[in-house]
Amino acid sequence: ADCRYTCHQECRSLIQLDCRQPGQCQSQLSPESTLLPPCSQNVTQTVEEEKPEPPTVQEIKQKIEKYNAKVTNCLLMKLNDDGTYTGFIKVHLKLRRPVTVPAGIRPQSIYDALKEVNLADMTDKRTSFYLPLDAVKQLHISSTTTVSEVIQGLLKKFMVVDNPQKFALFKEMRKDGQVLFQKLPLTEYPLYLRLLAGPDTDVLSFVLKENETGEVEWDAFSIPELQNFLMILDKEEKDKIQQVQRKYEKFKQRLQQTLKEARGKPG
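Because the structure is a prediction, the values reported are computed rather than measured.

The positions that UniProt labels "coiled-coil region" (unreviewed entry) are, in the present scheme, residues 234-261. A distance of 41 Å separates the end C-alpha atoms of residues 234-261, which is 100% helix and 0% strand.

Written out as structure tokens, the structure is:
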């Protein structure tokens, strides 16, 4: 109340205030806690007030006009009467592990897409294969489409039946010659990020990757899938060992050849 100090409610027990002027909060201080609940009831409210205000419809309209002025491929954004807007994003698929798809199912036709036919439900047979590395998929989404919905939409288009929790959407940025990746929360809106960054994919692009190892919920995988991961890791380990062995075998041959040539020279 006196110094206007604010903090997260969870951090309250870690704060040590050196209050020297008597006041409402100082009079309520106890040895057990330097910040009591009566003095921190407005902490959450203060944090919420500091959040940036959502853009107005007029601001969104101006941003869309500025965005469309830079578009060169006719993939424009469109503002709706209700204040939402639609547009396109491109997602690069950079998956290192195989995905699970229905076995023996034909590719989805336009008729299936219009009728929302889920071909994956037509068979219980499953098979695994690798998606083409760095394949690009273009999606037409709304400003209300979340990261979670984008991931689920991508998996549906490729008829991938794996648990969506195995995947994560990243934004890729290039700065000072470096490529930076940042994992997006499931509640983020990719089209709004696209609008802010502009249509240039060198400034911002979206990438679908496997979820980070530390955050993967391994319970979501089946036993055959886990065994498959072990087989892949075992193969990669053997390939790496062979690469190292070949490298040092060539180095050994060069050393032996150099020593052989040196023996015939004086000194």
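A few words on a nonpolar patch on the surface. On the surface, Val244, Tyr248, Phe251 and Leu255 cluster together into a nonpolar patch covering about 390 Å² of accessible area. Looking at the element boundaries, Val244 is found in helix α7 (residues 223-263). A residue is classified by how much of its surface remains accessible, and Val244, at 39% relative accessible area, is partly exposed.

All right, on to the side chain of Glu172 then. Residue position: Glu172 is located in strand β6 (residues 167-175). Looking at Glu172, the relative accessible area reads 6%, which means it is buried. At 3.5 Å, the side chain of Glu172 forms a polar contact with the side chain of Lys94. Dropping the residues within four chain positions of it, Glu172 is found in contact with Lys94, Val179, Leu180, Phe181, Val203, Leu204, Ser205 and Val207.

Counted under the stated rule, the structure contains 0 aromatic pairs. The ring of Phe158 carries Lys137 above its face, with NZ or CZ at 5.8 Å from the centroid. The cationic tip of Lys209 hangs over the ring face of Phe170; the distance from NZ or CZ to the ring centre is 5.1 Å.

With that settled, the discussion passes to the pattern of salt bridges. Scanning the entire structure with this criterion turns up 5 salt bridges. Notably, a salt bridge pairs Lys166 with Asp162, separated by 3.3 Å at the nearest N-O pair. When its relative accessible area of 5% is taken as the criterion, Lys166 is described as buried. Asp162 sits in the buried class, given a relative accessible area of 8%. Asp239 is the partner of Lys235 in a salt bridge, and the nearest nitrogen-oxygen pair spans 3.2 Å. Here the residue Lys235 and the residue Asp239 both occupy positions in helix α7, the gap between them amounting to 4 residues, near one helical turn. Relative accessible area serves as the criterion here: at 30%, Asp239 is assigned to the partly exposed category. Via salt bridges that share partners, Lys94, Glu172 and Arg174 belong to a single interconnected network.

What counts and what doesn't
- Residues numbered from 1 in each chain as written.
- Predicted model: local features only at pLDDT ≥ 70, side-chain atom pairs only at ≥ 80, totals over all residues.
- Heavy atoms only, no water.
- UniProt positions renumbered as here; feature names shortened; annotations may be inferred.
- Helix = DSSP H or I, 4+ residues; strand = E, 2+ residues; numbered from the N terminus.
- Patch = residues over 30% accessible without salt bridge, like charges linked within 9 Å, V, L, I, M, F, W, Y side chains within 5 Å.
- Areas by Shrake-Rupley, 256 points an atom, 1.4 Å probe, with all protein chains shown as cover.
- Salt bridge = Lys/Arg side-chain N within 4 Å of Asp/Glu carboxyl O.
- Buried < 20%, exposed > 50% of the residue type's maximum accessible area, 1.4 Å probe, protein only.
- Polar contact = N/O pair within 3.5 Å; in protein donor to acceptor, adjacent residues only side chain to side chain.
- Contact = heavy atoms within 4.5 Å.
- Phe/Tyr/Trp six-rings, centres within 6.5 Å; stacked < 30°, edge-to-face > 60°.
- Lys NZ or Arg CZ within 6 Å of the ring centre and 35° of its normal.

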